[in-house]
Amino acid sequence: MKQLFAIGLCVLILPIFVALALGDSPATPNTGIRQVHDIHAENGIECETCHEKVPDATGLTGLLPTMDTCANCHDVEDEDNCKMCHLGEEPTGYPKEAADMSSGMTELAHFPHQSHIQKQELNCNDCHAPDGKGGQTFPQHPQCRSCHATAAGFTDCSMCHGANEAPVPASHGPQWMSEHALDATFDQSKCESCHTQTDCQDCHNGDNVRPRVHDLNFRFSHALEARSNEMLCQTCHEDPVFCSSCHAAEQVLPENHSRADWVTSRHGVEASFNLESCIACHDAGEQDPTCARCHGR
Amino acid sequence: MLLLLGGSLLVIPSAQARAEGQADSGNRDLTRAQSWYFRTRTTAYAYTTAPKDAVTDKTDHFEFYQYLDGALSGLAQGKLDLRLSGRFADDFAFKANPTTPNRLYSLYLQYHTSRRGSLRLGRLFVQEGVANYTMDGLYLALKPTPRLKLRAWGGARSPYNMEWEASNLSDETALGAHAIALLTPWMNLGVGWSYLEHNGARAYQKVGAEAALRPARGLRTILRAHYETESEQWDQAELLAWYKPTPRWPMLNVQYLDRRQSVEKNTYWERFLPSLDRVRLARASARYQNAEQWGVEMEYFGSFVDEFAQTRLGGAVLFPYGRLGYSVRLGDAGEENRWYGDLRWRPLNWWSLSGGAMLSTYALLKDAPEDLERDLVTLYARSVTRLRDGLNLHLEFQSLDNPQYSKDLRFLVGIDLAMGRGASSTGLGTGGWLQ
């Protein structure tokens, strides 16, 4: 029955994917200003007519046109014309400055339009493609990487994100270590816009040298985290090989095993709370584990 | 799932043609840049452990790690990439050290079939929907429309310790698929399927669905649920949310996880499954830091398995060069009081210093008597010197005080060497040394 439910769920979702495939491209966030790039372009108006500072800009401030810019061609005093540009909606997208466009998730320290336009002779549309709705898109990391094939350890990132500060998104907060797996499994390609798979190994390398996943003295207090499921040890460590390399070799019993009622009753209670910990040491692979002596084969 | 993929693939051609038309109308075709890089990390780590019991002998360690990491990108008119990452390791002074196996993390060829598709072959990570492992096999990624991503993979799950040898395909079969739909700017949906064998027997078969939502400005949430088809049980349900409406607002974050205990099918342990309780975890954190780097961060973690409960609360003050914090754990798994702090300082552009300390009093039992309380003291100091672009020297000293060793002083020396060419096809930031 439950299996049918799962299959039914997939079938229900199918039409959504079909609709998506037939649908339009993602909408540009609402800036509160009507997107009229296409109309201006059709009338032969160059981008720098409105974005006049862009060709010489090395930063991201002052790049968006103000109402004074519009007034060069339009009668902005005529209230009947307001709705020509102003949608009358609360902006949800890009704020006044292009520098703030990241909405607080990651800030660009600088971006040199000047070198892209003057030295590399790129056109605006090379990075800001039309979105099909009158607006232009902002480039995403994969687009940057079509030219800046940045390798880990090199300096390309700092060209936009500042030389001395890692461009860390705000989501990478105090508990990011516990959370990043979910974010990564939802859309791995999002991680790959900044990280290569090599970056994963910087932490998931197993030697705990630098940077460290666990505290240096973690060996002595790890039971606290293991028993409270704060981390799932089996994600990285093969049981029982890894555990027994210390517990068996150095004959160290987990502290709770020394309780007086451990064999008679307590071990069953704790096993129902965290059987994963039992398996970590007592799994004997193809052979019967210690538990089989009482619990049967 | 096959039905789902099949249905989606049917609509690819027309949608793809339209999407490419849109892209070509504005975008110059920027061919992927050719580049290569090779990076090595060499770390030597010497320490001596002298047990407090004075019965066992002291042990000398001299651990050595040699990491290799390289890539060739943009070959064959930008269509082909090769990536490699692995390590060699040894303990020259203590050969029985179990923590120093050689490892191959990834080694794969990537072929870009078009701007919207790629194929990977070799050892690679798969972090997709229900699946989360390293695999030796084939991985296909398609983006038939700007709003739809499809992935499918098959092969053998790599050994846990990432040996250089591949797993047996018939023993560790790993198959899966994942589709992500970018429905609107504020809602993405994903569905996935994963099948895994271990030692030739089915370990699990799961289907799952995820939703990523941005219901309000600055609020981002991910919901996920996994269903195990073999045992017909919900395997895992999870909620993750971040809230930061403006750059100056604190980042608030909550996570809730409800999962079954991880017990593979067809093992001795399967018989205990009906009597196992579900694991419920809750996390929350807040972090605020102003432009001058002053701020605070707070953390909460709670674990609940039936009446078994464990809580951790922590808070830290952030200041321009570091932080100072305190956390406390209480519950059935044990107790801990911990003070911790770390410092970071970059006196020169090419030289950075960091250090940290942690003082902990802990007990591995609830309401433990005083004689079962132990102390841990951890101190470390690190210097990283950039001798030139692509060449870094690491020096680190660690002092550990713990229940087992009367002496545990560690010295680490590391050299990072990176070299590459063509890191940017436009001549900007051409990378490390040996151009």
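In the block above lies the structure referred to throughout.
Residues numbered from 1 in each chain as written. Chains lettered and ligands numbered in written order. Predicted model: local features only at pLDDT ≥ 70, side-chain atom pairs only at ≥ 80, totals over all residues. Heavy atoms only, no water.

**Things to note about the overall build of chain A**
Counted only if it meets this: Numbered from the N terminus, helices here are DSSP runs of H or I no shorter than four residues, and strands are runs of E no shorter than two. Each residue is placed in one exposure class: buried if its accessible area under a 1.4 Å probe, protein chains only, is under 20% of its type's maximum, exposed if it is over 50%, and partly exposed if it falls in between. The contact criterion used is simple: two residues touch if any of their non-hydrogen atoms lie within 4.5 Å. Accessible surface area values rest on a Shrake-Rupley calculation with a 1.4 Å probe, where residue burial reflects the displayed protein chains alone.
Secondary structure summary: chain A contains 17 helices and zero strands in total. Within chain A, buried positions represent 34% of all 297 residues. Of the contacts made within chain A by residues no fewer than 6 positions apart, 65% connect residues no fewer than 24 positions apart. Here chain A displays about 16400 Å² of accessible surface, and carbon together with sulfur accounts for 58% of that area.

**Some words on the overall build of chain B**
Within chain B, the secondary structure is distributed over three helices and 22 strands. Of all 435 residues assigned to chain B, the portion counted as buried reaches 50%. Accessible surface for chain B amounts to roughly 20000 Å². Of this, 60% is attributable to carbon and sulfur atoms.

**Some thoughts on a negative patch on the surface**
Where we set the bar: Like charges within 9 Å and nonpolar side chains (Val, Leu, Ile, Met, Phe, Trp, Tyr) within 5 Å are joined into patches, using only residues over 30% in relative accessible area that form no salt bridge. Counted as salt bridges are all cases of a side-chain nitrogen of Lys or Arg within 4 Å of a carboxyl oxygen of Asp or Glu. Only four residue types enter the tally: Lys and Arg on the positive side, Asp and Glu on the negative side, with His and both chain ends excluded. Charged side chains are reduced to one point each, which is NZ for Lys, CZ for Arg, CG for Asp and CD for Glu.
On the surface, a cluster of negative charge is contributed by B:E370, B:D371, B:E373 and B:D375. For B:D375, a relative accessible area of 52% translates into the label exposed.

**As for the nonpolar core**
Heads up, the condition is: For the purposes of this section, nonpolar cores are sets of buried Ala, Val, Leu, Ile, Met, Phe, Trp, Tyr and Cys residues that join through side-chain atoms within 4.5 Å.
Grouped together as the largest cluster of nonpolar side chains are 12 residues: B:Y108, B:L124, B:V126, B:A131, B:Y133, B:M135, B:Y139, B:A141, B:W153, B:A174, B:L196 and B:Y204. If you list the elements that add at least two residues to this core, you get β5 (117–128) and β6 (131–145) of chain B. Among the elements that take part in this core, β6(B) stands out by supplying five residues, more than any other. Look past the residues within four positions of B:Y204 in its chain and what remains in contact with it is B:V130, B:Y133, B:S194, B:Y195, B:L196 and B:E228. Counting 11 residues, the second-largest nonpolar core is a separate cluster that includes A:L275, A:A292, B:F272 and B:L273.

**Digging into the environment of B:G390**
Mapped onto the elements of the fold, B:G390 is located in the loop between β20 (374–388) and β21 (391–401). Each C-alpha atom, one on B:G390 and one on B:E307, is 53 Å from the other, the two residues being 83 residues apart in sequence.

**Some words on the pairing of β5(B)**
Residues and elements named next belong to chain B. As a reminder of what qualifies: For two strands to be treated as a pair, DSSP must find at least two bridges joining them.
Along β5, 10 of the 12 residues are buried, which leaves the element largely enclosed by surrounding structure. Alignment of strand β4 (residues 103–114) against β5, held across seven bridges, turns out to be antiparallel. Following the sheet pairing, S114 is matched in β5 by G117. As consecutive antiparallel partners, β4 and β5 are separated by two residues.

**Let's talk about the pattern of salt bridges**
Counting across every chain of the model gives 30 salt bridges over all chains. Across the salt bridge formed by A:E230 and B:R312, the nearest N and O atoms sit 2.5 Å from each other. Of the two residues, A:E230 is situated in the loop between α13 (218–227) and α14 (241–247) and B:R312 in strand β16 (residues 308–319); the pairing between them involves two chains. A relative accessible area of 12% places B:R312 in the buried class. Between A:R259 and A:D261 there is a salt bridge, with its nearest N and O atoms 3.2 Å apart.

**Regarding the pairing of β16(B)**
Residue and element names in this part refer to chain B. Across the two faces of β16 the burial differs, with F308, Q310, R312, G314, A316 and L318 buried and A309, T311, L313, G315, V317 and F319 not buried at all. Looking at chain direction, strand β15 (residues 295–305) and β16 are connected through 11 bridges and run antiparallel. If you follow E299 over to β16, its bridge partner there is G314. Linkage of β15 to β16, two consecutive antiparallel strands, is achieved through a turn of two residues, within which D306 is found at a positive phi near 55 degrees. Pairing of β16 with strand β17 (residues 322–331) involves 10 bridges; the strand directions are antiparallel. Residue pairing across strands places R312 opposite R329, the latter belonging to β17.

**Concerning the side chain of A:N217**
Test applied: In the analysis that follows, any N or O atom pair within 3.5 Å is treated as a polar contact, provided that within protein one partner can donate a hydrogen and the other can accept it, and provided that, for residues neighboring in sequence, both atoms belong to side chains.
When you line up the elements, A:N217 lands in the loop between α12 (197–203) and α13. Residue class for A:N217 comes out buried when judged on its relative accessible area of 0%. A distance of 3.2 Å separates a polar atom in the side chain of A:N217 from the backbone oxygen of B:V377. Filtering out sequence-adjacent residues up to four positions away, A:N217 remains in contact with B:L376, B:V377, B:T378, B:L400, B:D401 and B:N402.

**A few points about helix α16 (residues 275–282) of chain A**
Put simply, the test is: Summarising the geometry, the arc corresponds to the directions from the helix axis toward the C-beta atoms.
Listed in full, the buried residues belonging to α16(A) are A:L275, A:E276, A:I279 and A:A280. An end-on view of α16(A) places all buried positions within 150 degrees of arc, on one side of the element. Contact partners of the buried residues in α16(A): α14 and α15 (262–273) of chain A together with β13 (251–259) of chain B.

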